[in-house]
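# Examination of the molecular architecture
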Amino acid sequence: MEKWTRRKFFLATLAGGVAASTKGLLGAAPGRKSTFAADALQQARTGGQGARPLIVSAANGIHHLDAGMAVLKGGGDTLDAVLAVVTKVEDDPNDDSVGYGGLPNEDGVVQLDACVMHGPTGRCGAVGAIEKIKNPSLVAKMMMEKTNHIFIVGAGAEKFAVDEGFQTMNLLTDRSRLAWLAWKAYTTENWRPGLDSPEWKEKMAELLDTSERMAWRGHIEDVVMHPRTGTINCVAVDAKGDISGTTTTSGLSWKISGRVGDSPIIGAGLFVDNEVGAAGSTGRGEENIKISGGHTIVEMMRQGKSPTDACLEALHRVARNYKAFPDRLKLFHLQFYAINKDGQYGAGSLWGMHPDGRRVQYAVHDGTQARLLPTTPLFDRKGGDY
Ligand code: GLY
């Protein structure tokens, strides 16, 4: 991992400030040398010339956008379209950031957060820290449709879901359970074989060599060293210009029991205004909550900013919160996704690349085919090396 000096970070942050106040885009700053094809970033930035229907999600929705687009093309509701996408990710045991198979909290319990917003009616629903129900996005919709409340959490949310006919199940897969045990072993000596045991190992890497964990060793090492704030956000606009969105997550892995991130918070993890557009997020929720990212982006679009520039303005506010210690920005990731009523779209990320060097991307389907595009980064570097 390239080590950033404090001076480099100061310069990058300063550059971000200058860019955000002029064009709102570091990647497009004159004379700036990008490590990524400039035309791809430019395409991402101007992405969406106004196609409707349109559906956009975090990258982990790429294989399911067709299902959402089919709902939109069939004249279905935009909320049903986004739910058609995210419920498939919630059901997928191999996506460890959402629903079934999501990484658990520090007690080994999977607690899920989700919300929905329905633009045409201006209604919304949300659940936080719900256990044993694999589709919290559908519980959030049920909350919106069947109650006079908006947000329900914990045991009350589970009871509500069961009363409404949702099935309970164990959400912890073997893969997530073993990752959790490895995290405990890594952080707590008491969860390793004792000093007097033939299986005692000095180093974490040696512990991971045990046969049971071997199959997922790379994955386990990664999630132990880099706690996840995966998630899926999905937003859609139909041919008439009606808009909806949803965000669903298992939240920050190894979190304190009961911790709720930005995903179910209306105005942070998601915001929809049927006259303007929609925005949502993935990544470290605490940073988003502090700037009410979803609402901020929609308000920026109302004032005329493009979806991408609105996302970058929100990210700039996040970066500004670290003015006193900018080097800490590299310790987390945050992504925003936005669409407007005309069917234009964009996404911004704090960093251009994941810790492993993969480009940060998002998924778009504008009626022709689903494809991945690079997000427009505030800082076109590698980040999230926590
Ligand atoms: N954005 C997901 C979380 O922080 O919980």
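Figured I'd write up the structure that's included with this text.

Criteria and cut-off values
- Residue numbering note: each chain is counted from 1, following its sequence as written.
- Only residues with pLDDT of 70 or above have their local features reported here, since the model is predicted, and side-chain atom pairs are shown and tallied only from 80 upward, although totals for entire chains, interfaces and linings are computed over all residues.
- With hydrogens and water set aside, each side-chain value is computed from the structure's full complement of heavy atoms.
- Numbering of helices and strands runs from the N terminus, with a helix taken as a DSSP run of H or I at least four residues long and a strand as a DSSP run of E at least two residues long.
- Only protein chains enter the calculation, and the probe is 1.4 Å; a residue is then buried if its accessible area is under 20% of its type maximum, exposed if over 50%, and partly exposed in between.
- The Shrake-Rupley method, run with a 1.4 Å probe, gives the accessible areas here. Residue values count only the displayed protein chains as cover.
- We define a salt bridge as a side-chain nitrogen of Lys or Arg found within 4 Å of a carboxyl oxygen belonging to Asp or Glu.
- Here a strand pair is declared whenever DSSP counts at least two bridges between the two strands.
- Lines fitted to C-alpha atoms define the axes here, with helix axes fitted over just the stretch in contact, and angles between the N-to-C directions of these axes take values from 0 to 180 degrees.
- Throughout, a residue-residue contact means that at least one pair of heavy atoms, one from each residue, lies within 4.5 Å.
- Each residue gets one label: Ala, Val, Leu, Ile, Met, Phe, Trp, Tyr, Cys and Pro are nonpolar, Asp, Glu, Lys and Arg are charged, and the others, such as Gly, are polar.
- The nearness test applies per residue and asks whether one of its heavy atoms lies within 4 Å of the molecule or strand.
- Between N or O atoms, a polar contact is any pair within 3.5 Å; within protein, one atom must be a potential hydrogen donor and the other a potential acceptor, and residues adjacent in sequence are included only when both atoms are from side chains.
- Within this scheme, the nonpolar core is defined by two criteria: the residues are buried Ala, Val, Leu, Ile, Met, Phe, Trp, Tyr or Cys, and they are joined through side-chain atoms within 4.5 Å.
- An angle below 35 degrees is read as roughly parallel, one above 145 as roughly antiparallel, one from 65 to 115 as roughly perpendicular, and any other as oblique.
- We call a crossing left-handed when the near helix sits turned anticlockwise from the far one by less than a right angle, and right-handed when that turn is clockwise.
- A crossover gets the label right-handed when its path from the first strand over the helix to the second runs clockwise, viewed with the strands pointing away from the viewer.

Quick look at the overall build of the protein now. Along the backbone of the protein there are 13 helices and 13 strands. Counting every position in the protein, which comprises 386 residues, the buried fraction comes to 56%. When the accessible surface of the protein is totalled, it reaches about 15,900 Å², and 51% of it is carbon and sulfur.

Here the structure, examined in full by the defined rule, presents 18 salt bridges. Asp 96 is the salt-bridge partner of Arg 175, the closest N and O atoms lying 4.0 Å from each other. Remark: Asp 96 occurs in the loop between helix H4 (78-91) and strand S2 (112-118) and Arg 175 occurs in helix H7 (residues 174-187); sequence separation between them is 79 residues. In this structure, Arg 175 and Asp 96 share a single accessibility class: buried. In this structure, the salt-bridge partner of Asp 380 is Arg 359, at a minimum N-O distance of 2.6 Å. Linking Asp 380 in strand S13 (residues 376-382) with Arg 359 in the loop between strand S10 (345-353) and strand S11 (361-365), this pair joins segments that are 21 residues apart in sequence.

Turning next to the sheet that holds strand S6 (residues 243-249). Hydrogen bonding along the main chain pairs the strands of a sheet, whether they run parallel or antiparallel. Strand order in the open sheet formed by 8 strands is S4-S3-S2-S6-S5-S1-S11-S12, with mixed pairing between adjacent strands. At either end of the open sheet lies a strand with only one pairing partner, and these are strand S4 (151-153) and strand S12 (370-374). Each neighbouring strand pair of the sheet contributes to a mean axis angle of 10°, computed without reference to strand direction. Note that strand S1 (residues 54-58) and S11 share 4 bridges and pair antiparallel. Bridging from a neighbouring strand, Ser 57 pairs with Ala 363 of S11.

The next thing to look at is the packing of H4 against helix H5 (residues 136-146). Between H4 and H5, whose axes approach to 9 Å, the crossing angle comes to 145°. Residues Leu 79, Asp 80, Leu 83, Val 86, Thr 87 and Glu 90 of H4 touch H5, and the partners they reach there are Pro 136, Ser 137, Leu 138, Lys 141 and Met 144. Partitioning the contact of H4 with H5 into residue classes produces 6 nonpolar, 2 polar and 3 charged.

Taken together, the residues surrounding the ligand are Thr 231, Gly 251, Leu 252, Arg 259, Gly 261, Asp 262, Ser 263, Gly 283 and Gly 285. Arg 259 is positioned such that a nitrogen or oxygen atom in its side chain is 2.6 Å from an oxygen atom of the ligand. Separating a nitrogen atom of the ligand from a backbone N or O atom of Gly 283 is a distance of 2.6 Å. When the ligand is considered free in solution it has 200 Å² of accessible area, and contact with the protein chains removes 100% of it. For the shell around the ligand, a count of residues per class yields 1 nonpolar, 6 polar and 2 charged.

So, on to the nonpolar core. Residues Ile 55, Val 56, Ile 297 and Ile 339 are the most contacted members of the largest nonpolar core, which totals 65 residues. When neighbours within four sequence positions are excluded, Ile 297 is seen to be in contact with Ala 279, Ala 310, Cys 311, Ala 314, Phe 336 and Ala 338. Of all hydrophobic cores here, the second largest spans 16 residues; its members include Leu 112, Met 143, Ile 152 and Phe 160.

Let us look at the environment of Tyr 186. If you trace the backbone, Tyr 186 turns up in helix H7. Remark: the alpha-carbon pair of Tyr 186 and Val 224, spanning 38 residues in sequence, is separated by 7.7 Å.

On to the packing of helix H12 (residues 293-302) against helix H13 (residues 307-320), then. Packed helices, taken two at a time, are described by the angle between their axes plus the distance between the axes. Contact geometry of H12 with H13 gives a least axis separation of 8 Å together with a crossing angle of 135°. Between H12 and H13, the angle is such that the two are oblique. At the point where H12 passes H13, the crossing takes the right-handed sense. Note on element contacts: H13 touches H12 through Pro 307, Ala 310, Cys 311, Glu 313, Ala 314 and Arg 317, opposite Thr 296, Ile 297, Met 300 and Met 301. Its residues assigned to classes, the contact of H12 with H13 shows 7 nonpolar, 1 polar and 2 charged.

Once that is clear, we can look at the pairing of strand S3 (residues 123-130). Counted residue by residue, S3 has 7 buried out of 8 residues, so it is predominantly covered. Connecting the antiparallel pair S2 and S3 is a turn made up of 4 residues, with Gly 122 showing a positive phi of about 70°. In this sheet, S4 lies alongside S3 in parallel orientation, the contact comprising 3 bridges. Paired with Ala 126 across the strands is Phe 151, a residue of S4. Taking the sense of rotation as the criterion, the β-α-β connection linking S3, H5 and S4 turns out left-handed.

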